[in-house]
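# Geometric and topological summary
As a plain string of letters, each chain reads:
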Amino acid sequence: MPDQNHVTVIARFTPVADRAPQLQALLEWMTAPTRSEPGCRSYDLYTTQAEVLDFVLLERYEDTAALEAHRATAHYKAYRAQLPGLLAKPVDVSVLTPVNVIG
């Protein structure tokens, strides 16, 4: 039976035009410590293929408690503190819960 308790997060980041390399480096830096968290199932970074370059994190956690634990980590707090000067607009975050999924 599929696990219906997991949480998926989609976070979209639009960088200030000349700060895209710094934003990408910061987001890439987050992958290793986040992937090592006990409740993290996946943490993957993508870019869009549109005229405006956005970075998209697709994250999956065991449950809401694992997501909350992630947001309490030192690496999460350090990365969030560095975001304001890198973003053209606020991060667009969607937290999803499964309705009908396989796996």
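In case you missed it, the structure is sitting above this.
The rules we used
- Residues numbered from 1 in each chain as written.
- Predicted model: local features only at pLDDT ≥ 70, side-chain atom pairs only at ≥ 80, totals over all residues.
- Heavy atoms only, no water.
- Helix = DSSP H or I, 4+ residues; strand = E, 2+ residues; numbered from the N terminus.
- Rg over C-alpha atoms; globule rule 2.2 N^0.38 Å.
- Buried < 20%, exposed > 50% of the residue type's maximum accessible area, 1.4 Å probe, protein only.
- Contact = heavy atoms within 4.5 Å.
- Areas by Shrake-Rupley, 256 points an atom, 1.4 Å probe, with all protein chains shown as cover.
- Lys, Arg positive; Asp, Glu negative; His and termini not counted.
- Charge placed at Lys NZ, Arg CZ, Asp CG, Glu CD.
- Core = buried A, V, L, I, M, F, W, Y, C linked by side-chain atoms within 4.5 Å.

## Here's the deal with the overall build of the protein chain
Along the backbone of the protein chain there are three helices and four strands. Starting at the N terminus and ending at the C terminus, the protein chain contains elements arranged as β-α-β-β-α-α-β. Its C-alpha radius of gyration of 14 Å places the protein chain within 12% of the 13 Å reference for a compact globule of 103 residues. The dimensions of the protein chain, computed from C-alpha atoms along their principal axes, are 45 × 30 × 20 Å. The buried share of the protein chain, reckoned over its 103 residues, is 37%. Sequence separation of at least 24 residues holds for 71% of the intrachain contacts in the protein chain that already meet a minimum separation of 6. Carbon together with sulfur atoms contributes 55% to the accessible area of the protein chain, which is approximately 6200 Å² in total. Where the 9 positive side-chain charges of the protein chain centre and where its 12 negative ones centre are 3 Å apart.

## Some remarks on the nonpolar core
Formed by 22 residues in total, the largest nonpolar core has its most connected members in Phe13, Leu23, Leu27, Tyr61, Tyr79 and Leu83. Taken together, the elements giving at least two residues each to this core come down to strand E1 (7-13), helix H1 (20-35), strand E2 (40-47), strand E3 (55-61), helix H2 (64-71) and helix H3 (74-82). For this core, the element with the highest residue contribution is H1, accounting for five residues. If near-sequence neighbours (up to four positions away) are discounted, phenylalanine 13 is found in contact with Leu23, Leu27, Leu53, Asp54, Phe55, Leu57, Tyr79, Leu83, Leu87 and Val91.

Fair warning: the whole summary comes from geometry, so function is off the table for now.
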